[in-house]
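Overview (structure and organization)
Spelled out, the chains give:
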Amino acid sequence: PLALHMEIPSDLASVPAESPLPSSILRSLGDRSYDKRKHAALEIEVLIKGLREIDDTDRICSVIALLGQDFATSTNANHRKGGLIGLAATAIGLVEDIHLYLDALLPPVLHCLDDPESRVRYYSCESLYNVAKVARGSILRYFNQIFDGLCKLFADVDIDVKNGANLLDRLIKDVVTESESFDVERFIPLLQKFIRRSNPYIRQLLVGWITVLDSVPGVNMLDWLPDFLDGLFNMLSDSNREIRQAADSAIAGFLADIRRERRVEFCSMVGILVNQCQNKDRFNRLTAITWVKEFIKLGGDQLLLFYAELLGSVMHCISDSEAEIRQVAGSTNTELLELVRETDHDFELSPLLQTLTSELASNHIPTRMASLRWINMLLRKVASEMDQFISDILPSLLTTLSDEADDVVLSNIEVLARIALLSEREFQRVLGAIVRLFAEDRRLLEMRGSLIIRNLCVLLNAQSIYVSLALILREPPRLTRGSPAITGDSRTEATQDEASLERPQFDDLEFRSIMVQTLSLILLTARELDELRKLLRMSCKLNAPQEATELFVTLFSTWSHNPVATLGLCLIAQAYKLASSLVTLFSNVDISVGFLVQIDKLVQLLESPIFIHLRLQLLEVDATYHPFLLKSLYGLLMLLPQSTAFCTLSTRLATVSTLKSHLSQTARPTMNHVEANVHLKLLDVFNRVQRTYTAAKRRLSSQCRGECE
C-alpha cells in the first residue's frame, strides 16, 4: 500500500490506554470488506508516522502487539487479513526505524504463511513483501526464516499465492545481491534441507538462488558446492524440462568455475560423482562421468585416496547402454590409468584390486577387458607389492578363463603370464592352478585348453611351461576321491617308486591322459613351439646337450600316461629305436575307440610340415635309425583298421619299398650299453604307468558290478 500524507488525528491523545488504536480503526480492520480494511490500514500508517515523529516507542510497540496477537492470530479469517495488512502499513509508516521493530513485526507475518485460508496466505506474502521492501538489508538477519517461508509459498497450490511468492523472491534476491554482509554459511543448512525435495516449484526456487548467490561478489559458492551438488544432480532427472535445463546450466557453471580455480576441494565431491555415475537417468550418468574426467585431469594426485572409487564409477559407465557415455568413460579410464601409472606417490593397492576383481565378474565385456588391462598395468608398475595380493586375485582370473569372449580370455592369459614372471614360486602357482582348473572343468580343457597353453608358451618360455606341466602331471595320483587334486609343487624323479602309483582314482588318471593328449597335440602342431621341437630333435643324438636329454626324459615320463602321445614324442624327438620298442608294447594297452582315433590323428600329423624331417629320413635307407623308423611306422599301420589314415600311411611306406628288403641291405644296428640302459628305464616307466590304468579300470568295473548287484 502506498503511504498517504495525512495529519495525525486530533483524537490521538483521547485513545484509551488499554487500546492503542481507535475503535473505528479496529472495527474497519476486521471488516469483511477489503476497502474498509485498506482504509483502516492507511489510517494506521498515518498514525505510526505520527507516533514515530513524537518518538512514542511504547505506543508503536502496543500497536504492533495488538495487530500481531489479537488480529493476525485470530480465529476469524477477516481479522487475520486485517492484522496482516495493518502490520504492512505499520512497516511503511516506520520507514528507516523499521529495523528496531522487526523482531515484533515478522513472527506473526511468517506464522500466517501456514494459514489454512489461501487469501490469508496471500496477504501474509504481501505483508512480508512490504516489510522487506522497507527494511531492505536489515531483513537479512531473518533470511533463513524468510527463505523457509518462501519454500512454503512456492509449494502452495493457490496460483495467487505463487505469483505473490515470485514477487517476494525477486525482491529478496535484489536485497541479497546488493548486500555486502550476507551470511552464506547460515544459509547452507537450509539449502541442504530443501534441496532433497522433489517439488518442482521448490526446485526451481533453489536453482535460482544457487545461481544468484554464485554471482554475488564476495560469495564463493565453490566452498559450499559439496553440500548441495548431489541435490543439483538429482534435478537433472526432473520431469520438468525447465528445471533440468536450469540445473544443467548451474552445474556447467560450477564446472567452469572449478577449471578456473587454483584450489578446489575435489575429494569431498568424489563420492557424489561416484553415486551419480550409477544413476538410472542417462543425463545424470553422462554429466557425472564428464565431471569425473575433469576431476582426474585437474585433481591429479589430490585424488590419491579415491582411485578405487573413481575406478569403480568408470568401470560402471564403460559398458553403459548409451554410446556417448561409453565414449566419455573410455577416455576417462585411459586418463585415470595413465595417472596411476605415472604417479610417483604411494597408493593403496588393496581397494583398487578389490574393485578390479569384482568387475571381472561384470556381465559386460568392455568392463572385464578394462579390469584386466588395469591389473596388467599394476603388475608392471608395482610388481614387488602385487606379490602379496596374488592369492586374492588369482581365483577370479582363473574363472575368467572360461569367459565367452576370446578377447577377454587372451587378455586374461597375458595377466596370468605377467603373474608367472614375478617369481619361480608364482610361475609354479599359476601353472598348478591352471592344471587344477582343467581337472575340475573338462569342458574348458576341451574348448580352451589349446588356446591357453599356446598363448602361455608365446608369452613365457615354452620349454619351462612344458617341463613344469609335465612335472605337475607326474605327481602321484590321489588315493581317494576326497583327497586334494593335482598340485603344482612337484619335482619328482623319473624313476619314482611304483608304490606311489598304487590305487589311483580312474577319473584322475583319465584327466592326466587327456591333458597329455592336449599337450602332445600342441607340441606336434603349434608354430609357437618350433624351438622346443628343435631341442627335442637333438635330445637322442650322440653328444646331445644335457638340457635336451633331460627335457626328453622329463616329458617321456609324463607322456607315458597316453601311449599315442608317447609315441608321437619319440617320433618328433627322432628316438626311433625307443619308438619301435614302444609300439610292440601297445599289445598290452587297452585298445579302445579313443585310442584308435588318436592313432588316426597321429598318422595324419605325419603328413604335416612338422614331420617333414621324418618323411625325408625314410629315404636314408643306410642310416642306422632307418630300420627302427620303418618298424615304428609299420607298427602304426598294423594298429590301424582299414581307413583313410591306413591307406595314407601304407602308400607312404610303399614308396620306400618293403621292410624286409631294406633290413637285408643294411647291417642290424646296435646300441651301446648306456643308450640301451636309458631306453630300458624309460620303457619300464611306460609299463608301470600303463599298469596303473589297467588296475584302475578293473577297480572301476568291479565297483560298477557291485552297484548293479
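Bear in mind the structure is a predicted one, so any value in this text is a computation, not a measurement. (Residues numbered from 1 in each chain as written. Predicted model: local features only at pLDDT ≥ 70, side-chain atom pairs only at ≥ 80, totals over all residues. Heavy atoms only, no water.)

A few words now on the packing of aromatic side chains. Inspection of every chain in the model, using the stated rule, returns 20 aromatic pairs. Relative to F347, the ring of Y307 has its centre 6.0 Å away and its plane inclined at 70°; by these criteria the two rings are edge-to-face. Taken as a pair, Y307 in helix α15 (residues 307-317) and F347 in the loop between α16 (323-342) and α17 (349-359) lie far apart in primary sequence, 40 residues in all. Taken as a pair, Y307 and F347 share a single burial class, namely buried. Each member of the aromatic cluster is reached from another via a ring pair, and the members are F143, F147, F182, F187 and W209. Looking at R119, its charged tip hangs above the ring of Y123, at a distance of 5.6 Å from the centre. (Phe/Tyr/Trp six-rings, centres within 6.5 Å; stacked < 30°, edge-to-face > 60°. Helix = DSSP H or I, 4+ residues; strand = E, 2+ residues; numbered from the N terminus. Buried < 20%, exposed > 50% of the residue type's maximum accessible area, 1.4 Å probe, protein only. Lys NZ or Arg CZ within 6 Å of the ring centre and 35° of its normal.)

Our next topic: the packing of helix α13 (residues 267-276) against helix α14 (residues 282-299). At a closest axis distance of 8 Å, the pairing of α13 and α14 adopts a crossing angle of 140°. Taken as axis vectors, α13 and α14 run oblique relative to one another. Remark: the crossing between α13 and α14 carries left-handed chirality. Side by side, α13 and α14 meet where M269, L273 and Q276 of the first sit next to N284, R285, A288, W291, V292 and F295 of the second. Of the residues belonging to the contact of α13 with α14, the class tally is 6 nonpolar, 2 polar and 1 charged. (Axes fitted to C-alpha atoms, helices over the stretch in contact; angles between N-to-C directions. Parallel < 35°, antiparallel > 145°, perpendicular 65-115°, else oblique. Left-handed = near helix turned anticlockwise from the far one by under 90°. Contact = heavy atoms within 4.5 Å. Nonpolar A, V, L, I, M, F, W, Y, C, P; charged D, E, K, R; others polar.)

Time to look at a nonpolar patch on the surface. A surface patch of nonpolar side chains, amounting to about 300 Å² of accessible area, comprises I612, L616 and L619. Following the sequence through the fold, I612 ends up in helix α31 (residues 612-617). By relative accessible area, which is 40% here, I612 ends up partly exposed. (Patch = residues over 30% accessible without salt bridge, like charges linked within 9 Å, V, L, I, M, F, W, Y side chains within 5 Å. Areas by Shrake-Rupley, 256 points an atom, 1.4 Å probe, with all protein chains shown as cover. Salt bridge = Lys/Arg side-chain N within 4 Å of Asp/Glu carboxyl O.)

In this section: the packing of helix α27 (residues 546-559) against helix α28 (residues 563-572). Closest axis-to-axis distance for the α27/α28 pair is 9 Å, and the angle between their directions is 160°. By the angle between their directions, the pair α27 and α28 is classed as roughly antiparallel. As α27 packs across α28, the resulting crossing turns out to be left-handed. Seen from α27, the contacting residues are F552, L555, F556 and W559; seen from α28, they are A565, T566, L569 and C570. In terms of residue class, the contact of α27 with α28 is made up of 7 nonpolar, 1 polar and no charged.

Attention now goes to the confidence of the model for the protein chain. On average, residues of the protein chain carry a pLDDT of 86, and 89% of them reach 70 or more. This model gives residues 1-17 a pLDDT under 50, and the stretch forms 22 contacts once residues within four places in sequence are excluded. Taken together, the stretch residues 477-504 has pLDDT below 50 and engages in 64 contacts with residues farther than four places along the chain or on a different chain. (pLDDT = per-residue confidence, 0-100.)

If you trace the backbone, Q574 turns up in the loop between α28 and α29 (576-585). In this structure, Q574 is in contact with R537, K541, H613 and Q617, ignoring residues within four places of it in sequence.

Another point: the environment of W209. Its location among the elements puts W209 in helix α10 (residues 200-215). Owing to a relative accessible area of 0%, W209 belongs among the buried residues under this scheme. Excluding its chain neighbours within four sequence positions, the residues that come into contact with W209 are F143, F147, L150, D169, I172, K173 and V176.

Turning next to the pattern of salt bridges. Inspection of every chain in the model, using the stated rule, returns 30 salt bridges. Note that K193 is salt-bridged to D148, the shortest N-O span being 3.5 Å. Note that K193 is positioned in helix α9 (residues 184-194) and D148 in helix α7 (residues 143-154), a separation of 45 residues in sequence. The exposure class of K193 is partly exposed, given its relative accessible area of 43%. A salt bridge links E338 to R341; its shortest N-O distance comes to 2.4 Å. Of the two residues, E338 and R341 are both situated in helix α16; the distance of 3 residues between them amounts to about one turn of the helix. Classification of E338 as partly exposed rests on a relative accessible area of 29%. For R341, a relative accessible area of 35% translates into the label partly exposed. Via salt bridges that share partners, D114, D148, K152 and K193 belong to a single interconnected network.

To continue, consider the environment of L596. Topologically, L596 is positioned in helix α30 (residues 593-606). In this structure, the C-alpha to C-alpha distance between L596 and L639, residues 43 residues apart in sequence, is 7.7 Å. Excluding residues that lie within four positions of it along the chain, L596 makes contacts with I591, L639 and P641.

What follows deals with unusual backbone geometry. A positive phi angle, close to 50°, is found at V95, a residue other than glycine. Note that V95 resides in the loop between α4 (77-94) and α5 (102-111). Overall, the relative accessible area of 33% leaves V95 in the partly exposed class.

Moving on to the side chain of N144. By secondary structure assignment, the location of N144 is in helix α7. When near neighbours in sequence (up to four residues on either side) are disregarded, N144 contacts R186, F187 and L190.

This part covers α28. Where burial is concerned, most of α28 is hidden: 10 out of the 10 residues are buried. P563, V564, A565, T566, L567, G568, L569, C570, L571 and I572 are the residues of α28 that are buried. Looking at the residues trailing α28, positive phi occurs at Q574, about 60°.

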